[in-house]
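The residues making up each chain are set out below.
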Amino acid sequence: MEKLIEKASVLLEALPYIKRFYGKTIVIKYGGNAMVKEELKRSFAEDVVLLKYIGINPVIVHGGGPQIGEFLKKLDISTRFIGGMRVTDKETMNIVEMVLVGKVNKEIVKLINSHGGNAVGLSGKDGNLIVSKKIDYRKYLSEVKSSEIIDLGFVGEVAKINPGIVLKLLESKFIPVIAPVGVGGDFEAYNINADIVAGEMAAALRAEKLIMLTDVQGIKNKEGSLLSVLSKEDIFSYIDDGTISGGMIPKVKACQIALGGGAKKAHIIDGRVKHAVLLEIFTKEGVGTEIS
């Protein structure tokens with residue numbers, strides 16, 4: 001009986017958060033170990049399905065860099081990174097779109113649906129969801145202090161989000177799963193950083209939260225201690241002094257985009273923790289860094 005009472009207490013502890021977030025939209029950037037390890041994949045799917053059943057609207061944006069790299073290797077197509085971006089010629093872009101939209105996206109849809117959800121896969125081409133333009137590679141490579149300045153090819157940035165199709169799916173009780181492939185004014189496909197797409201999507205939907213799943217505990221200071229709460233202003237100083245660097249930069253930039261566009265809060269959390277999404281939403285402590 002004590003164990004049953006304890007379970008009831010846990011449910012009651014979550015009640016204030018359920019009331020607060022009922023009917024709200026939460027954008028989740030899905031990537032890293034949470035996309036690879038079976039136990040974490042299962043717990044992620046369970047989290048998403050539970051959110052939907054209690055009246056919260058999850059929207060998933062996913063990456064797929066390792067899967068793309070693996071497929072290119074099988075086809076013996078060389079790949080090159082400059083300033084953290086994959087140089088993407090036409091042949092490579094065809095593979096990127098095939099892997100992200102045709103393979104990774106559908107696997108995530110299947111994962112969620114197999115756990116009782118009702119997910120629908122999308123790319124930026126669907127309903128002109130993600131209108132993109134070719135990235136200003138000179139500006140980008142200058143920002144990341146790359147010694148090489150070369151055309152990155154079909155690497156894009158978000159020009160506009162048209163969220164109509166996502167809103168319709170949410171109204172119809174579906175869970176949208178979005179691949180970060182945009183469509184340009186020339187109707188060409190562009191590969192876009194999934195973190196940035198998630199930030200832009202959270203802004204366009206005026207989401208209650210943007211949650212970024214990563215393979216680290218969160219943002220840490222130079223002494224290695226977790227920074228539980230940051231402001232948007234803190235981010236600039238931490239980038240300038242090198243506390244935030246490398247792959248964390250696009251994640252915090254995505255958070256800035258989301259908050260600047262109307263999202264309420266952004267979180268960078270440890271996706272290696274089982275049920276990380278639920279722990280972040282339904283507990284006071286959370287499992288990462290909150291930016292507000």
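Residues numbered from 1 in each chain as written. Predicted model: local features only at pLDDT ≥ 70, side-chain atom pairs only at ≥ 80, totals over all residues. Heavy atoms only, no water.

**Q** It is not clear to me how helix H3 (residues 65–74) should be interpreted in this structure. Could you clarify?
**A** Note: α-helices contain 3.6 residues per turn, so residues at a spacing of three or four share the same orientation. Among all positions in H3, only Gln67, Ile68 and Leu72 are buried. Here the buried residues of H3 occupy an arc of 135° about the axis, which is enough to place them on one side. Of the exposed residues in H3, those oriented more than 90 degrees away from the buried face are Pro66, Lys73 and Lys74. Contact partners of the buried residues in H3: strand E4 (85–86) and helix H4 (90–114). (Buried < 20%, exposed > 50% of the residue type's maximum accessible area, 1.4 Å probe, protein only. Helix = DSSP H or I, 4+ residues; strand = E, 2+ residues; numbered from the N terminus. Arc of directions from axis to C-beta. Contact = heavy atoms within 4.5 Å.)

**Q** Would you mind going over the pattern of salt bridges with me for this structure?
**A** Pairing between side chains becomes possible if they bear opposite charge and their charged atoms approach one another. A complete count under the given rule lists 13 salt bridges for this structure. Here Glu38 and Lys41 are joined by a salt bridge, their closest N and O atoms 3.2 Å apart. Taken together, the residues Glu38 and Lys41, both in helix H2 (residues 38–53) and three residues apart, mark about one turn of the helix. The closest approach of N and O atoms between Glu39 and Lys274, which form a salt bridge, is 3.4 Å. Of this pair, Glu39 sits in helix H2 while Lys274 sits in the loop between strand E13 (265–270) and helix H10 (276–282), placing them 235 residues apart in sequence. Glu39 sits in the partly exposed class, given a relative accessible area of 41%. Under the relative-accessibility criterion, Lys274 is labelled partly exposed at 40%. Several salt bridges share partner residues, and in doing so they unite Lys29, Asp195 and Lys251 into one network. (Salt bridge = Lys/Arg side-chain N within 4 Å of Asp/Glu carboxyl O.)

**Q** Is there a simple way to think about helix H6 (residues 164–171) in this case?
**A** Within H6, burial applies to Val166, Leu169 and Leu170. Down the axis of H6, the buried side of the element spans an arc of 100°, and every buried residue falls inside it. Facing away from the buried side of H6 by more than 90 degrees, the exposed set consists of Lys168 and Glu171. In this structure, the buried side of H6 is in contact with strand E1 (25–30), H2, strand E2 (57–62), strand E5 (119–122) and strand E8 (175–178). Just past H6, the residue Lys173 takes up positive phi, approximately 70°.

**Q** So what exactly am I meant to see when it comes to the pairing of E13 here?
**A** The side chains of a regular strand alternate, first on one face of the sheet and then on the other. With five of six residues buried, E13 lies mostly within the body of the structure. Both strand E11 (residues 209–214) and E13 contribute to a ladder of six bridges, which runs parallel. Counterpart to Lys209 in the pairing with E13 is Lys265. Of the pairings in the sheet, the one linking E13 to strand E14 (residues 288–291) comprises four bridges and is antiparallel in character. Bridged to Ile268 within E14 is Thr289. (Pairing = 2+ DSSP bridges.)

**Q** What is the right way to look at the side chain of His62 in this model?
**A** Along the chain, His62 falls in strand E2. One polar contact links His62 to Asn105, side chain to side chain, over a distance of 3.1 Å. If sequence neighbours within four positions are ignored, His62 has contacts with Lys29, Tyr30, Leu100, Val104, Asn105, Ile108, Val177, Ile178, Ala179, Pro180 and Ala194. (Polar contact = N/O pair within 3.5 Å; in protein donor to acceptor, adjacent residues only side chain to side chain.)

**Q** Would you take a moment to explain the nonpolar core for this structure?
**A** A general trend in soluble globular proteins is that nonpolar side chains are found buried together. Among the nonpolar cores identified, the biggest contains 46 residues, and Ile28, Tyr30, Ile60, Ile112 and Leu213 are the most heavily contacted of them. Here this core gets 11 residues from one element, more than from any other, and that element is H4. Leu122, Ile192, Val252 and Ala254 belong to the second largest nonpolar core, which has 37 residues in total. (Core = buried A, V, L, I, M, F, W, Y, C linked by side-chain atoms within 4.5 Å.)

**Q** How do you make sense of the environment of Phe187 when you look at a structure like this?
**A** Mapping Phe187 onto the fold places it in the loop between strand E9 (181–183) and strand E10 (189–191). Using a relative accessible area of 67% as the deciding quantity, one classes Phe187 as exposed. Distance from Phe187 to Leu230, taken between C-alpha atoms, is 39 Å for residues 43 residues apart in sequence.

**Q** Can you help me understand the packing of aromatic side chains in this one?
**A** With the rule as written, the count across this model stands at two aromatic pairs. Taking NZ or CZ as reference, Lys90 lies 5.4 Å from the ring centre of Phe154, over its face. (Phe/Tyr/Trp six-rings, centres within 6.5 Å; stacked < 30°, edge-to-face > 60°. Lys NZ or Arg CZ within 6 Å of the ring centre and 35° of its normal.)

**Q** In this structure, what is going on with the sheet that holds E5? I would like to understand it.
**A** Across a sheet, paired strands are connected by hydrogen bonds in the backbone, their directions being either parallel or antiparallel. Taken in spatial order, the eight strands make up an open sheet running E5-E8-E2-E1-E11-E13-E14-E12, and their pairing is mixed. Two strands close off the open sheet at either side, each with one partner strand: E5 and strand E12 (229–230).

Read these as geometric descriptors, not functional statements.
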